[in-house]
Every structure is written in structure tokens, then in C-alpha cells.
Amino acid sequence: QVAPAHPKPLRVLALANQKGGVGKTTTAINLGTALAAIGEQVLVIDLDPQGNASTGLGIDRRRRKVSTYHVMAGEAPLVDAITPTAVPRLSVAPSTMDLLGLELELASASDRAHRLRNILRDLTMPEGIEPISYVLIDCPPSLNLLTINALAAADAVMVPLQCEFFALEGLSQLLRTVEQVRGALNPKLQIQGVVLTMYDPRNNLSTQVVADVRGFMGDKVYETMIPRNVRVSEAPSHGKPVLLYDLKCAGSQAYLRLASEVIQREGRAPPPAAAA
Ligand code: ADP
Ligand code: MG
């Protein structure tokens, strides 16, 4: 096999929203699967101590000997944490509850905000293993030092918003944090987009929220909305992305469409100087 003349550069996307239950983890798992399905080499980095992305990708506790805690604590290189999943081309760096303690350990370190960026910069895959083309970072539901590390390491942030009454609440704070990180830590940081999740067309409130968010964020909002879909919520308990669990369901199809929008946006992302 001939190596491509221009190997794809690594793109790092952080899935962030300080609210819990908005679809960060579900999107990390299923967007990751959809990107892998269309040929990208994808790594999900689980930065949430809850480890839901790791569980949802079928990595049980015994297979988390080397976790993102070890990597972030400087005890192991990232390659050692990379664990294959049932999805070809999709791997995960799993997390454990140990990550809860990292915040305190990091606080006094001089590279406290840049540690993940440096780790990704130094990532080289072993001989014979395809280089990663997309990293998706599943952030914890907080604007803590782990999320700051993700934003400092990312090319762009993706914001999942649940279609419910308080969707916009907290968004301004998140956008301010993104501004601050761009100013102080990561000038190239862009907003890849806002993804509306758990959309229910039969619910008037859901449609009103969509209108509000589109009014506020304009074309930053992806056309694709992820519908509320029982198959999406069942899949994690089987340790599978919904695309493996039920490819035909509306949730799987939506994540495939989202993946192609994401790739399209990557293709026409403005240079950093022109970023909003
Ligand atoms: P977060 O990572 O932001 O806390 P999750 O991705 O864990 O949010 O989602 C919260 C809950 O909502 C989970 O139980 C998940 O299975 C469920 N969920 C997420 N997206 C959908 C969807 N499109 N349809 C139905 N349930 C969903
Ligand atoms: Mg989560």
C-alpha cells in the first residue's frame, strides 16, 4: 500500500457544553462512528471522569488500564491509552474516575492549560498504524481545567444544545469562555458549529427553541438536527454506537448527515485571522 502524498492533517474538535445531558457524549460516540464510516481515522478522547463515552463504545473497566488520567498526569503516552472499538477506524482513549483528582494535580503545574495540546502535538502513531485524522474530545459538564485543556488543544469547538426550554441559558457563558481561550491560550480556536439534539418535531417548544437558537447563532447552527430517538438512548447500554445498533433509525441517519456537514465545514473553514 502506498502512503498518501499529503497525509491528512490532524483535526481536533472539542465537544463542549457545561450543561450535562445535552448530548456531548452521544455526539462524540456517534459523530465519531459516522466519520470513521466515511473513511476518517478517528480518536475519541474521553475527558469526562464519568467515562460514558468509553462505556458507550464498549470499553469495560478492565480495558482501561491506561486511561486519560495517566496520559494527562504524564504517567503514560497517549498511544498507550488508545483502545480499538468494534467500529473500524474508531478508537478511544478511555477515562476513569481517577480524572476527578487530576484537576487538583494540574492546578499547580505551569502547563496546566496546555497539557493536552502538547500531548496531541507530540502524538505519533506506531509504524504501520494509520495516522489519526480526527480527534473528538468529550468534555465534562463543567468549564473546569479539563474543558479548558480541550479548548486549548482544539482547532474548533462543537456545541451540542438540547432542544428544551433552557437551551440558550449558559450558551453566552460558554461563548465567553471560548473567547477567553482564544485570546489567552489558542488564537486559532473556531466554533465549528452548534448541533441541536433531542429534537422533537411534534413538540411546539422544541420548534420554538430551534427558531431561537438559529436566530441567535445564525448559520453556526448545523442544518442537521439530531431527533429524539429511543434507539439512540438504548445503544449505550449495549456498548455500541447507534450506527452499529440500528443503522436505519432516524438517529443514525442524522449522525451520518451531521458528519458530512462537519467535513464540508472543515473544507471551507476560514483561516484563523478571519475567524469570527
Ligand atoms: P452529555 O454528555 O452532554 O451529558 P449525553 O450524550 O450523555 O449528554 O446524553 C444525555 C442522555 O440523553 C443520555 O441518556 C443519552 O442516551 C440521551 N440522549 C442523547 N441524545 C439522544 C437522542 N437523540 N435521542 C434520545 N436520547 C438521547
Ligand atoms: Mg457526557
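As recorded in an unreviewed UniProt entry, the protein chain goes by the name Chromosome partitioning protein ParA, listed as coming from Methylorubrum extorquens. Among the UniProt annotations of the protein chain, the heading Function (unreviewed entry) holds the following wording: "Involved in chromosome partition. Localize to both poles of the predivisional cell following completion of DNA replication."

Student: Which residues make up the overall build of the protein chain, and what are the values?
Tutor: Looking only at helices and strands, the protein chain has 12 helices and 7 strands in total. By the compact-globule yardstick of 19 Å for 276 residues, the protein chain fits well, its C-alpha radius of gyration being 18 Å. Over its C-alpha atoms, taken along the principal directions, the protein chain stretches across nearly 50 × 40 × 40 Å. Across the 276 residues that make up the protein chain, the buried fraction comes to 47%. The long-range share in the protein chain, meaning contacts at least 24 apart out of those at least 6 apart in sequence, stands at 77%.

Student: Explain the site of ligand 1 residue by residue, including any values.
Tutor: Around ligand 1 sit 18 residues, and of these Lys-24, Thr-25, Thr-26, Val-232 and Ser-233 come closest. The greatest single-element share of the shell around ligand 1, amounting to 3 residues, is contributed by helix α1 (residues 24–37). Of the residues contributing to the shell around ligand 1, the split by class is 6 nonpolar, 10 polar and 2 charged.

Student: Can you break down the sheet that holds strand β2 (residues 42–46) residue by residue, with the values?
Tutor: One open sheet holds the 7 strands; their spatial order is β3-β4-β2-β5-β1-β6-β7, and the pairing between them is mixed. Edge positions in the open sheet fall to β3 (83–84) and β7 (190–197), since each of these has one partner strand only. Pairing of β2 with strand β5 (residues 134–138), which is carried by 5 bridges, proceeds in the parallel orientation. Bridge assignment links Ile-45 to a residue of β5, and that residue is Ile-137.

Student: Could you give an account of the pairing of β5, naming the residues involved and the relevant values?
Tutor: Of all the 5 residues making up β5, 5 are buried; the element is thus mostly covered by neighbouring parts of the structure. Where strand β1 (residues 11–15) lies against β5, 5 bridges are found, and the strand directions are parallel. Across the sheet, residue Leu-15 finds its bridge partner in β5, namely Asp-138.

Student: Please set out the UniProt feature "domain: AAA" (unreviewed entry) in the protein chain residue by residue, giving values where relevant.
Tutor: When the UniProt feature table is mapped to this numbering, "domain: AAA" (unreviewed entry) covers residues 11–191. The span residues 11–191 is 37% helical and 17% strand by assignment, and the distance between its end C-alpha atoms comes to 13 Å.

Student: How would you sum up the packing of α1 against helix α12 (residues 250–267)? Please name residues and give values.
Tutor: Angle between the axes and distance between the axes: these two values describe a pair of packed helices. Here α1 crosses α12 at 70 degrees, and the two axes come no closer than 8 Å. By the criterion of interaxial angle, the relationship of α1 to α12 is roughly perpendicular. Where α1 approaches α12, its residues Asn-30, Leu-31, Ala-34 and Leu-35 are matched on the opposing element by Tyr-255, Leu-256, Leu-258, Ala-259 and Val-262.

Student: Run through the confidence of the model for the protein chain, naming residues and quoting values.
Tutor: For the protein chain, mean pLDDT is 93; residues scoring 70 or higher make up 94% of the total. Taken together, the stretch residues 269–276 has pLDDT below 50 and engages in 6 contacts with residues farther than four places along the chain or on a different chain. The complex model carries a pTM of 0.94, and its ipTM stands at 0.99.

Student: An account of helix α8 (residues 171–184) is requested, with residue identities and associated values reported.
Tutor: Helix length check: α8 (14 residues) gives 20 Å between terminal C-alpha atoms against 20 Å at 1.5 Å per residue, within 8%. Within α8, the full set of buried residues consists of Leu-174, Val-178 and Val-181. Here the buried residues of α8 occupy an arc of 65 degrees about the axis, which is enough to place them on one side. Pointing more than 90 degrees away from the buried face of α8 are the exposed residues Ser-172, Gln-173, Arg-176, Glu-179, Gly-183 and Ala-184. Contacts made by the buried residues of α8 are with α7 (145–153), β6 (156–162) and β7.

Student: Explain α1 residue by residue, including any values.
Tutor: In a regular helix each residue adds 1.5 Å, so 14 residues correspond to 20 Å; α1 covers 19 Å between its end C-alpha atoms and thus fits that length. By the criterion of burial, α1 is predominantly enclosed, with 14 of the 14 residues buried. Among the residues trailing α1, Gly-39 stands out with phi positive, at a value near 105 degrees.

About the criteria used
- Residues numbered from 1 in each chain as written.
- Chains lettered and ligands numbered in written order.
- Predicted model: local features only at pLDDT ≥ 70, side-chain atom pairs only at ≥ 80, totals over all residues.
- UniProt positions renumbered as here; feature names shortened; annotations may be inferred.
- Helix = DSSP H or I, 4+ residues; strand = E, 2+ residues; numbered from the N terminus.
- Rg over C-alpha atoms; globule rule 2.2 N^0.38 Å.
- Buried ≥ 20, exposed ≤ 12 C-beta atoms within 10 Å, placed from the backbone.
- Contact = placed C-beta atoms within 7 Å.
- Near = placed C-beta within 6 Å.
- Nonpolar A, V, L, I, M, F, W, Y, C, P; charged D, E, K, R; others polar.
- Pairing = 2+ DSSP bridges.
- Axes fitted to C-alpha atoms, helices over the stretch in contact; angles between N-to-C directions.
- Parallel < 35°, antiparallel > 145°, perpendicular 65-115°, else oblique.
- pLDDT = per-residue confidence, 0-100.
- Expected span 1.5 Å × (residues − 1).
- Arc of directions from axis to C-beta.

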